[in-house]
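Residue strings, one per chain:
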Amino acid sequence: MTVETFVSSSSNSLWKEILVISSYPGVCVCVSVCLQEARCGYVIILMALYWCTECIPLAVTALLPVVLFPMMGIMKAGVSVEYLKDSNMLFIGGLLVAIAVENWNLHKRIALRVLLLVGVRPSLLMIGFMSVTAFLSMWISNTATTAMMLPIAQAVLQQLRVTETQADQRDFEAAADDNPAFELEITETKQDITNEKQPDVPTQPEDRVYEYDWSPESLQDCSRRAATNAKYDLLTKGMSLSVCYSASIGGTATLTGTTPNLILKGQVDKLFPGNGDVINFASWFGFAFPNMVLMLVISWLWLQLIFLGFNLKKSFGCGVKSDRDKEAYAVMREEYRKLGPMKFAEWAVLTIFVLLVVLWFTREPGFINGWATVLFNKQGEFVTDGTVAIFMSLLFFIVPSQLPSCGGYGYNTAGKQVKALPALLNWKVVHERMPWNIILLLGGGFALAAGSEESGLSKWLGQSLAPLQNIPAFAISILLCLLVATFTECSSNTATTTLFLPILASMATAIKLHPLYVMLPCTISASLAFMLPVATPPNAIAFSFGNLKVIDMVKTGFMLNLIGILTVNLGINTWGYVMFDMGTFPQWANTTG
């Protein structure tokens, strides 16, 4: 077959272009370009399969571009520099803060303090646990938050079950005392047994027949016990799911809350270098926090309907607290009392944490010049969110964990050297708790993005998806969010965003759609893994704690997935549309030149 015949019969515009050009000098260059795209696509498919099946550790899979890209001629060995970007520094700084908070039990104190405020009524208790879990998950890992909150929830629910059972028993005994007929029946039964003539020959134990005469009151007591157990089994399931779901939802609110958020920032900075820091801590919080609150409220209503019913008067409770409420409340108060008064170390960690958040928000708010713009960034972007995170994290290794005594350090009067007080953090604690594998995962995503850009695969994928421009933009966003949310049920959210974001960026630039219009909602959708126990570590922890069945999580999580997708698309088409000027294709995304 001649070149012209193949070209006329080929339906792929890329191959048409390559083969037509190959009729002229320079054929080797054109074929090389095509081979580079195919090789890069092979690496991405291979890594996707490894990430989905986890046949080798995720972090090891993320290292494949270091070997395969140079060997296949896609990129030079300099691909290694992609593994430590500014987003990695932001991630490390955020994790150091989280480790310090966990190390001094500050998160447990905050959780118990809030729960003491909301009370122990079922609906209020669910609101309290969901709010605290979401807030903590904004700053520390979703897994650590879930692992801490679930035992507290279990202890409170267990105490509620015990106190309600005891109260029902007291009510039953009081009813028996107030019912003369019931008391008379018991007395007559005892008299009959006493006056009964005993047989001359003792009956063998195996020949005895035991008969139980269940009175209506006894049957009512058994029914009440069964109803109480069934209610608390259902409440335990609902509370366990509310904790793990709110951990995933809360992680979407801040840039450092979960790994996909940082992957988005890194990919935007890599693919669109002139974006003007469009994604920073303040801009992400301005969009994602209202979305998180909306999603949390609707999720609470759904969980309330499924596990507690919609009897708000009974769930919230009115009037004076009952004895069972007071006893359950005493359990939480005792747990809080065990923590003792706040130590100097806790105050120091809290102060550094608050300062870090304030510096993040005021670095470059957008509507006014931030402190970084005035002091450092006049000639370029020298100070980023990662710079601030690392600077504040260094203080944990400098500030002592105890208030220094008078006289300072050095030598005492006996000439003996006085050791310095330990710092708030030491490297041993950091080394044990730092998830180093996530840093490699982030780097692997940046390497894939660089390889796709260098080989031309991103451009080819974008051109292949160009027919999507005939579909309304909001429909494109919803369809892609559904695709990502389904994919993330079977693979980690980190791997999902790493694979999808470069493709979405290429598609958006090809159809002249604002890249964040699809990248932002799909990134949040990658955290909406609510249907399967294996989807996220919080789901697995809740599954082991709450006596759940897979069908319980599937039925509840399916609706929550839809709720999350709809709320994030509502946000991107309302306040997000205004914040990021989604109506125009940004100049920094125009890569045609």
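Residues numbered from 1 in each chain as written. Predicted model: local features only at pLDDT ≥ 70, side-chain atom pairs only at ≥ 80, totals over all residues. Heavy atoms only, no water.

A. The arrangement of helix α22 (residues 473–487) in detail. Between the first and last C-alpha of α22 there are 21 Å, a value that for 15 residues agrees with the 21 Å anticipated at 1.5 Å per step. If you follow the buried residues of α22, they end up packed against α23 (493–510), α24 (515–525) and α26 (550–572). (Helix = DSSP H or I, 4+ residues; strand = E, 2+ residues; numbered from the N terminus. Expected span 1.5 Å × (residues − 1). Contact = heavy atoms within 4.5 Å.)

B. Summary view of the environment of I99. Looking at the element boundaries, I99 is found in helix α6 (residues 86–103). For I99, a relative accessible area of 4% puts it in the buried group. Sequence spacing of I99 and R433 is 334 residues, and the spatial spacing of their C-alpha atoms is 7.0 Å. Not counting the four nearest positions on each side in its chain, I99 is found in contact with L425, V429, V430, R433 and M434. (Buried < 20%, exposed > 50% of the residue type's maximum accessible area, 1.4 Å probe, protein only.)

C. Region of interest: the nonpolar core. With 151 residues, the main nonpolar core has W51, F129, V518 and M519 as its most contacted residues. Element by element, the count of residues in this core is highest for helix α13 (residues 281–308), at 13 residues. Excluding residues that lie within four positions of it along the chain, W51 makes contacts with L58, T61, A62, L441, L448, A495, T498 and L499. (Core = buried A, V, L, I, M, F, W, Y, C linked by side-chain atoms within 4.5 Å.)

D. Representation of empty space enclosed by the protein within the structure. Summed over all chains, the structure comprises three cavities of 30 Å³ or more. Within this model, the largest cavity holds a volume of roughly 70 Å³. Looking at the largest cavity, the residues that line it are V101, L106, I110, F135, L136, W139, I140 and F353. Mapped onto the lining of the largest cavity, the elements with two or more residues apiece are α7 (106–118) and α8 (122–137). For the lining of the largest cavity, the residue count by class is eight nonpolar, no polar and no charged. Space inside the second largest cavity adds up to approximately 60 Å³. Together, I44, L448, S452, S458, L461, T498, L499, P502 and I503 line the second largest cavity. Broken down by secondary-structure element, the contributors of at least two residues to the lining of the second largest cavity are α20 (436–455), α21 (457–464) and α23. The leading source of residues in the lining of the second largest cavity is α23, at four residues. Partitioned by chemical class, the residues of the lining of the second largest cavity number six nonpolar, three polar and no charged. (1 Å grid on protein atoms, 1.4 Å probe; cavity = no way out; pocket = protein on both sides within 12 Å on 5 of 7 lines; lining within 4 Å. Points joined across faces, edges and corners; volume = space filled by probe spheres on them. Nonpolar A, V, L, I, M, F, W, Y, C, P; charged D, E, K, R; others polar.)

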